[in-house]
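Each chain is listed here by its residues.
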Amino acid sequence: MPDLGNIPPTIWWEDGTVRMIDQSRLPLVGDLLVCNSFEGVCTAISGMAVRGAPALGVAAALGVALWSETAGAGIDDLRYYLDELDRVADEIATTRPTAVNLKWGAERMKRFARENSDVGLDALRPLVLQEALAIRTEDEERNRSLGAHGAALIESGSRVLTHCNAGSLATAYFGTALGVIFSAHAEGKIVQVWVDETRPVLQGARLTAWELRMAGVPCKLICDNMAAAVMRQGLVDAVIVGADRIAANGDVANKIGTYSLAVLCKEHGIPFYVAAPSSTMDLTLVSGDGIEIEERDEREVTGVTVSGVIEPRTSIETKALDALTEAGPYPLGMTKGHQMELSRKGGAYQFDAWLRVAPPNVEVYNPAFDVTPAEYVTAIVTERGIARAPYGISLAELCSGTGAIHELG
Ligand code: MRU
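Fair warning: this is a prediction, and the values are worked out from it, not measured in the lab. (Residues numbered from 1 in each chain as written. Predicted model: local features only at pLDDT ≥ 70, side-chain atom pairs only at ≥ 80, totals over all residues. Heavy atoms only, no water.)

1. What about the state of the cysteines?
What counts, and what does not: Cysteine sulfur atoms that pair up within 2.5 Å are treated as a disulfide.
Going through the model one piece at a time under the given rule, you end up with 0 disulfides. Between Cys 265, a cysteine without a disulfide, and Cys 164, which holds the nearest cysteine sulfur, the sulfur-to-sulfur distance is 16 Å.

2. Section: the nonpolar core
We apply this condition: The set of buried Ala, Val, Leu, Ile, Met, Phe, Trp, Tyr and Cys residues whose side-chain atoms join them within 4.5 Å is what this entry labels a nonpolar core. Per-residue accessibility, obtained with a 1.4 Å probe over protein chains only, is compared with the maximum for each type, and a residue is labelled buried under 20%, exposed over 50%, and partly exposed between these values. Strands are runs of DSSP state E lasting at least 2 residues, helices are runs of H or I lasting at least 4, and numbering of each runs from the N terminus. By the convention used here, residues are in contact when the closest approach between their heavy atoms is within 4.5 Å.
In terms of nonpolar packing, the biggest core is built from 45 residues, with Val 18, Val 50, Tyr 81 and Ile 92 touching the most fellow members. Counting residues per element, the ones that place at least two in this core are β1 (11-14), β2 (17-21), α1 (38-46), α2 (53-69), α3 (78-93), α4 (100-115) and α5 (121-151). Among the elements that take part in this core, α2 stands out by supplying 12 residues, more than any other. Look past the residues within four positions of Val 18 in its chain and what remains in contact with it is Ile 11, Trp 12, Trp 13, Leu 33, Val 34, Cys 35, Val 41, Leu 62 and Leu 66. Judged by nonpolar contacts, the second largest core, of 29 residues, contains Leu 4, Ala 166, Leu 178 and Ile 240.

3. Overview of the packing of aromatic side chains
Defined as follows: What counts as a ring pair is set by centres within 6.5 Å for rings of Phe, Tyr and Trp (its six-membered ring), and what kind of pair is set by the plane angle: stacked under 30 degrees, edge-to-face over 60, tilted for all other angles. Either the NZ atom of lysine or the CZ atom of arginine qualifies as a charge over a ring when it sits within 6 Å of the ring centre and within 35 degrees of the ring normal.
Taken as a whole and judged by the stated rule, the model has 3 aromatic pairs. Ring centres of Phe 174 and Phe 182 lie 6.0 Å apart, and the angle between their planes is 55 degrees; on these two criteria the pair is classed as tilted. Sitting over the face of the ring of Phe 369, Lys 255 holds its NZ or CZ atom 4.2 Å from the ring centroid. In this structure, Lys 266 is placed above the aromatic ring of Tyr 376, and the distance from its NZ or CZ to the ring centre is 4.7 Å.

4. Topic: the site of the ligand
Stated formally: A molecule or strand has a residue near it when one of that residue's heavy atoms lies within 4 Å. N or O atoms within 3.5 Å of each other form a polar contact, as long as, within protein, one can give a hydrogen and the other can take it, and as long as residues adjacent in sequence are counted only when both atoms are side-chain atoms. All accessible-area figures derive from a Shrake-Rupley calculation using a 1.4 Å probe, and residue coverage is judged against the displayed protein chains alone. In this analysis the probe radius is 1.4 Å and the grid spacing 1 Å, with only protein atoms considered; a cavity is a set of points the probe fits into but cannot get out of, a pocket is an open set with protein on both sides within 12 Å along at least five of seven lines, and lining residues have an atom within 4 Å of a point. More than half of a molecule's atoms within 2 Å of the grid points is what it takes for that molecule to sit in a cavity or pocket. Boundary definitions for the domains trace back to an automatic or database domain assignment.
As a structural note, the neighbourhood of the ligand is formed by 18 residues, with Arg 51, Arg 96, Asp 244, Asn 254 and Lys 255 the closest of them. At 2.8 Å from an oxygen atom of the ligand is found a side-chain nitrogen or oxygen belonging to Arg 51. Interatomic distance of 2.7 Å between a side-chain N/O atom of Asn 254 and an oxygen atom of the ligand. For the ligand, the protein covers 100% of the area, taking 410 Å² as the surface of the free molecule. Mapping the ligand onto the cavity grids shows that it belongs to the largest cavity. Every element with two or more residues in the shell around the ligand is listed here: α2 and β9 (252-255). Each of domain 1 (11-144) and domain 2 (146-291 + 368-408) accounts for three or more of the residues forming the shell around the ligand.

5. Regarding the sheet that holds strand β17 (residues 385-387)
Filter applied, for reference: For two strands to count as paired, DSSP must find a minimum of two bridges between them. Note on geometry: axes are lines fitted to C-alpha atoms, helical ones only across the stretch in contact, with angles between N-to-C directions running from 0 to 180 degrees.
Ordered in space as β6-β5-β4-β7-β10-β16-β17, the 7 strands form an open sheet in which the pairing is mixed. Taken across any chain shown, the strands that pair with only one partner, and hence form the sheet edges, are β6 (219-222) and β17. Averaged over all adjacent pairs, the angle separating strand axes in this sheet is 25 degrees, with direction ignored. Relative to strand β16 (residues 379-382), strand β10 (residues 272-275) runs parallel, the two being bridged by 3 bridges. Considered in β16, the bridge of Tyr 273 is made with Ala 379.

Below, the structure is given as structure tokens:
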């Protein structure tokens, strides 16, 4: 039985602020980030302090609510409030382009505010906050239900491989692909999880391995380029991943490297499952060709970012660390290009280092996501049930809320 009690909540509302665990530094530094303005939420999203498609949908909703409770609280004209809320929601929605949940959360807040505006501005503001909180609660409910549906697909004694982090940290709580794994593990079906490290940002090594260890689910970490060999050795029974956007035909955008796993699954006769809530479906797109793929900073590829805490053992070490802290972003001596920043944390020092591994001036291409064509996807697990090809029909039925369930174990 997995023990989720040790996994912290991802993002929440407290004392008029939006709070989150800073995922850019996990697992060696577990900082709490407090956002006092919607601009702070935007910075947290673009810096990947909060990441993962469903969590981004929640962040968008809470960001809009935060604006409504802070800058928006000074507005006394209803029409102006609604126009400004639209502007703020649009700004949040465009902080990252690929995960449709971000736009979904922002659009739902815009729609809610307009549809309920006849109550007047004073009554509307608390309702806007309640709506954002409801989006957060619903996300966890959706994941739990999705997990139960997906567990039915997993055979007893399975060794399952996952990519990136589609865990509790990528959602309000519980996770999508990891939600399925947690549920299947609770049913005694999971023997082991293979965790792809997921270069360049290492969400697998840093976040998924951490969550699975916290929950007591047996796992083994591999580099992304080891998956083929592990499959060929007959050590993988299923692959399950999350999604950032699913088009109407079942094409799936997810973390870069997902497509190669799907192709490998086809070659080795391994089922390839995608777990995603309805907030990740973008039925306005006929295929994955229309999905914008985010390109990120080349430094993610030319180096590695590491954060941690140093506890000095002697006064000489403390002096040296103090000197480095004063020096500001510190170019480490031996190789030009390395950078380290230190900050005091009680009696210890937190470091944020970027270590160059590639030669300076090398050209880089860094797409953060890829699109897996629907033909490689064995099934898509949603909170309403399991969709199989032809996805054009099954996804439309599940997402329109007609309640059609194509398969339940
Ligand atoms: O760049 P990230 O970390 O936001 O990418 C996250 C992923 O690709 C996840 O697999 C996806 O959002 C599904 S999360 C339930």
